[in-house]
Amino acid sequence: MARVRRRLEKLKLSTLYSFALCAKGSTEDHSKIGTAGFSRVVYVNDPDRHEEEGFRYPRNEVSTTKYSLVTFVPKSLFEQFRRVANFYFLVSGILTLTPLAPYSAVSALLPLSVVITATMLKEGVEDWRRKQQDIELNNRIVKVHRGNGSFEETKWKYIKIGDVIKVEKDNFFPADLILLSSNYPDGICYVETMNLDGETNLKIKQALEVTSDLQEDGDFTNLRQIIKCEDPNANLYSFVGTMDYKGMRHPLSPQQLLLRDSKLRNTDYIYGAVIFTGHDTKVMQNATEPPSKRSKIEKKMDYIIYLLLCSLLGIALLGSVFFGIWTKADLRNGELKRWYLRPDDSTVFYDPKRAPLASFCHLLTALMLYNYFIPISLYISIEMVKILQAVFINQDIDMYDEESDKPTHARTSNLNEELGQVDTILSDKTGTLTCNMMEFIKCSIAGTAYGQSVTEVEKAMALRKGVPLGDEIEAGGHKEKQIEESPHVKGFNLKDPRIMDGNWIHEPNKDVIRDFFRLLAICHTCIPEVDETDKVSYEAESPDEAAFVIAARELGFEFYKRTQTSIVIRERDPNQNVADYQYRKYELLNVLEFSSSRRRMSVIVKEPEPEGRILLFSKGADSVMFTRLAPDGRKFEEETKRHINEYSDSGLRTLVLAYRVLDEKEYENFAEKFRTAKISGSADRDEQIGEAADSIERDLILLGATAVEDKLQKGVPECIDKLAQAGIKIWVLTGDKMETAINIGFACSLLRQGMTQIIIALEAPDIIALEKNGDKDSIAKASKQSVMGQIEDGIKQVPTLGQSSTESFALIIDGKSLTYALEDDVKFKFLDLAVKCASVICCRSSPKQKALVTRLVKHSDKVTLAIGDGANDVGMLQEADIGVGISGVEGMQVAYFDAL
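Residues numbered from 1 in each chain as written. Predicted model: local features only at pLDDT ≥ 70, side-chain atom pairs only at ≥ 80, totals over all residues. Heavy atoms only, no water.

Per an unreviewed UniProt entry, the protein goes by the name Phospholipid-transporting ATPase and belongs to Aegilops tauschii subsp. strangulata. Turning to the protein, the UniProt annotation filed under Cofactor (unreviewed entry) states: "Mg(2+)". (UniProt positions renumbered as here; feature names shortened; annotations may be inferred.)

Asks: For this particular structure, what's the right way to read the pattern of salt bridges?
Replies: When the charged atoms of two side chains with opposite charge come close together, those side chains can pair. Enumeration according to the criterion identifies 46 salt bridges in this entry. Put simply, Arg146 and Asp163 hold a salt bridge, and the shortest N to O gap is 3.9 Å. Taken as a pair, Arg146 in the loop between strand 2 (141-145) and strand 3 (151-155) and Asp163 in the loop between strand 3 and strand 4 (164-168) lie far apart in primary sequence, 17 residues in all. A salt bridge links Arg265 to Asp170, with the nearest nitrogen and oxygen atoms 3.4 Å apart. A residue pair is termed long-range when its members are at least 10 positions apart, and Arg265 in strand 12 (residues 263-265) and Asp170 in the loop between strand 4 and strand 5 (176-182) qualify at 95 residues. (Salt bridge = Lys/Arg side-chain N within 4 Å of Asp/Glu carboxyl O. Helix = DSSP H or I, 4+ residues; strand = E, 2+ residues; numbered from the N terminus.)

Asks: Explain the packing of aromatic side chains to me, please; I cannot follow it from the model alone.
Replies: Aromatic ring pairs are described here by two measures, namely the spacing of the ring centres and the angle between the planes. Scanning all chains against the criterion turns up 17 aromatic pairs. Geometrically, the ring pair formed by Trp504 and Phe557 is tilted, given 5.8 Å between the ring centres and 45° between the ring planes. You can see Trp504 sitting in the loop between strand 20 (478-481) and helix 12 (510-522) and its partner Phe557 sitting in strand 23 (residues 557-562), a full 53 residues away along the chain. For the pair Trp504 and Phe557, a shared accessibility class is recorded, and that class is buried. Site record: aromatic cluster; members linked through ring pairs are Phe151, Phe220, Tyr269 and Tyr271. (Phe/Tyr/Trp six-rings, centres within 6.5 Å; stacked < 30°, edge-to-face > 60°. Buried < 20%, exposed > 50% of the residue type's maximum accessible area, 1.4 Å probe, protein only.)

Asks: Just checking my understanding: could you explain the side chain of Thr706 for this structure?
Replies: Its place among the elements puts Thr706 in strand 29 (residues 701-712). Taking relative accessible area as the criterion, Thr706 reaches 0% and is therefore assigned buried. Every residue in contact with Thr706, bar those within four places of it in the chain, is listed here: Phe440, Lys442, Cys443, Phe516, Leu520, Phe548, Arg653, Thr654, Leu655 and Leu657. (Contact = heavy atoms within 4.5 Å.)

Asks: For this particular structure, what's the right way to read the sheet that holds strand 10 (residues 248-252)?
Replies: Either a parallel or an antiparallel arrangement is found when strands of a sheet pair, and the pairing is made through backbone hydrogen bonds. Strand order across the open sheet formed by 4 strands is 1-8-9-10, with antiparallel pairing between neighbours. On the outer flanks of this sheet lie strand 1 (40-44) and strand 10, each paired with one strand and no other. With direction set aside, neighbouring strand axes in the sheet form an average angle of 20°. (Pairing = 2+ DSSP bridges. Axes fitted to C-alpha atoms, helices over the stretch in contact; angles between N-to-C directions.)

Asks: Is there a simple way to think about the nonpolar core in this case?
Replies: One broad rule of soluble globular proteins: the nonpolar side chains tend to lie buried together. Grouped together as the largest cluster of nonpolar side chains are 77 residues, with contacts concentrated most on Phe440, Ile445 and Phe517. Considering every element that reaches this core, the biggest residue donor is helix 12, with 8 residues. With sequence-adjacent residues up to four places away left out, Phe517 is seen in contact with Ile445, Ile499, Trp504, Ala552, Leu555 and Phe557. (Core = buried A, V, L, I, M, F, W, Y, C linked by side-chain atoms within 4.5 Å.)

Asks: I would appreciate a short explanation of the confidence of the model for the protein in the present structure.
Replies: Low pLDDT means the predicted atomic positions in that stretch should not be read closely. On average, the protein scores 81 in pLDDT, and the residues at 70 or more come to 85%. Per-element mean pLDDT across the protein ranges from 41 in strand 19 (residues 472-475) up to 95 in strand 4. The low-confidence segment residues 23-27 (pLDDT under 50) makes 10 contacts with residues lying over four places distant or belonging to another chain. A low-confidence stretch, residues 470-485 (pLDDT under 50), is modelled with 27 contacts involving residues beyond four sequence positions or located in other chains. (pLDDT = per-residue confidence, 0-100.)

Asks: I would appreciate a short explanation of the sheet that holds strand 7 (residues 203-206) in the present structure.
Replies: As summarised here, the arrangement of the 3 strands in space is 7-6-12, forming an open sheet in which the pairing is antiparallel. Two strands lie at the open edges of the sheet, namely strand 7 and strand 12, each paired on one side alone. Between one strand and the next, the sheet's axes are offset by a mean angle of 45°, whatever the strand orientation. Summarising the sheet, strand 6 (residues 188-192) and strand 12 pair through 3 bridges and their orientation is antiparallel. The partner of Val191 across the bridge, within strand 12, is Leu264.

Asks: Hey, could you run me through unusual backbone geometry in this one?
Replies: Glycine aside, the phi torsion of most residues is negative, and most peptide linkages are trans. Put simply, Glu609 and Pro610 share a cis peptide bond, and its omega is 15°. Residue placement: Pro610 occurs in the loop between strand 26 (600-606) and strand 27 (614-620). Here Ala446, not a glycine, exhibits a phi torsion of approximately 55°, which is positive. In this structure, Ala446 sits in the loop between strand 17 (434-445) and strand 18 (448-450). The class of Ala446 is buried, set by a relative accessible area of 7%. A positive phi angle is found at Asp501, which is not glycine, with a value near 55°. Among the structural elements, Asp501 can be located in the loop between strand 20 and helix 12.

Structure representation (structure tokens):
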């Protein structure tokens, strides 16, 4: 394994990326550094200097609890006496300590003390569990530089601003860091931000070139830098700063920022400088205070108690008035009317001469005497019932997960009754609706559909139509028996004997099939790792990429080795019964990687001799790829489009695969244009690179399409279908891109064919032009007007309550638009549109936006339930009436919050 790692360390990964790393500096205005909002100063590798300079930065220890040792008693007592009945019994109990009491103080105060103590203990235990989670988090270990090039293991909570730390593979970042270097020579590292934005794709970060040579522990002995940057804020996607190093000032951008709670992947280690700690980190800036939730029934009980108190006061007041009248009449002109009561020798409680005071004392006594109107036993009974319900929930075998050996855990029993009154469910996508597993399940090659596996969506559709899926499955226009189960390979679930085990050689379009498989094995940015047994594993930016190279391997075209200038494919001879491999080494000329704006990826390679051709392999979204086909490259276009539509209906994610042969002169012209664009220092550098790539990615020849299934959690489509039948609205709040979210929406039956989609996005040409100019005020004004206009247009489309319509609507909005839709003068229009839609999907949502959307939905006075499994979902769960945290792959933090 060490041999493999040494080989990878020599590989400059920046050569694989033409777009992701082309912007070396931030587009933000660095002239703001040092002004209000941009005043942070960090002395790297000299953390003690901050105190000497008068800076007061917080510790890295975080707390997500509701109480502390000091605040537990007062805050918990306040929570208890927010209940009207508890407050009444407290006042009544205090009065029993006076001579007015008709019974002993013990009989009044003891039941109240039992109820209050039991409830406080329950709250304390629930908060202690949160505290345990904080302790585990704060006591995690990371290596911190302690001088002389020595890195010592240190607990997270002891990390200070300015510390240089070393984070190793598959570990979380303990604070917000500036990336200094990694084990790769060009300072590249891969980061998983699933906990922050829910995205499964790995992000590429790169250190400044001036620090990327800090490769060893000893290089940090005399390191001194000054970082000046923005103050702590909640924006996950922007960062402005500068680094003073070796007498020069270098601009910092989000490309160098590593955020707390994100994870280092596919990289052995990185060195970073701490710039934000504890509650100053961006993830904690997105967090909200733990709320004190009360169920609607509990609030309703308060109103009922008010009514009973008014009745009680009325009865007591009426009795006291008559008591005062009769007491005053007991002694008139020295004559005793009720002599047997001895009114001439009575205490203040029965003194005819002080009848008003006696009447008031009688009122207080009556209020205590009639307090059975407010049954404290009801509260005791309800608390006992809730606790028992929580016990039953914890022991529910249907909610036990055998794989992780985890039962359901009701973190609080205050909200049990709300579960039966839910009107709107707000759900995270990644890890909640989906499993974060991509499987290559079907493909269309040369107009022929391959793959007999059945997707979850197809099963759900068949179930709804009442058509059972038998042992025979329609495939390629004819029925074939399902092939016998073979050992399952993660990421690959293609079942079709026509192309498996080398049988593709007998297909009529075998050359197209071969090129299709070669494209899968070559067109990607994966890194192979070969172990001692010559078995290859892959480290990929996304599950999709991994699924493609695994599929190519299983079909006989194994991606075996990558260098900066070549790719080696190990091809299995389909004509041989025994494994006979042929190694084909392709010269790697260019990689034009995937981006959300391009929606495609291309690789330019030169074939090994004797062919020696220069090939451009490309894959991308059908909306982009079909427009780039050559007139003579559309032979299978209609059949492929039909298959893509079928795959989309089945909830699969599709990509179109195509290629072209380049002549040397054409490639040389492109290479010169592309090289000039990459080294350009002009403001439109990105556009120049994009134009160069666009000029070569044309006149393609269609090979086919892939269909990958984003595996849903078991039973998700059926569950959503039943919830929809029950009239429960479902909102999906995700950090994923809009295209991904829409695909999953169809896969899990949240979106259905025939449903009208209302899409709110800031993709208009005038907005894009303003963004290029960089005038923030103009951008904000135009963006807000655009969002308001789109919301108003959407409201006109959706019929009002009085109008009848069989058409159903889905609202889809991206994160930028959501920023403006949640502003005070727009949010209720947005809510008005959203509540009229059957489904709502919010894409590219930050953790804070998720919480704000949830708060907005609560304005409709409906019970909301939020479900999530990552730290980015905590705010949403806390804001909802009920929060359900799942112990998922995104992390355990969310499981310690809220109701269930």
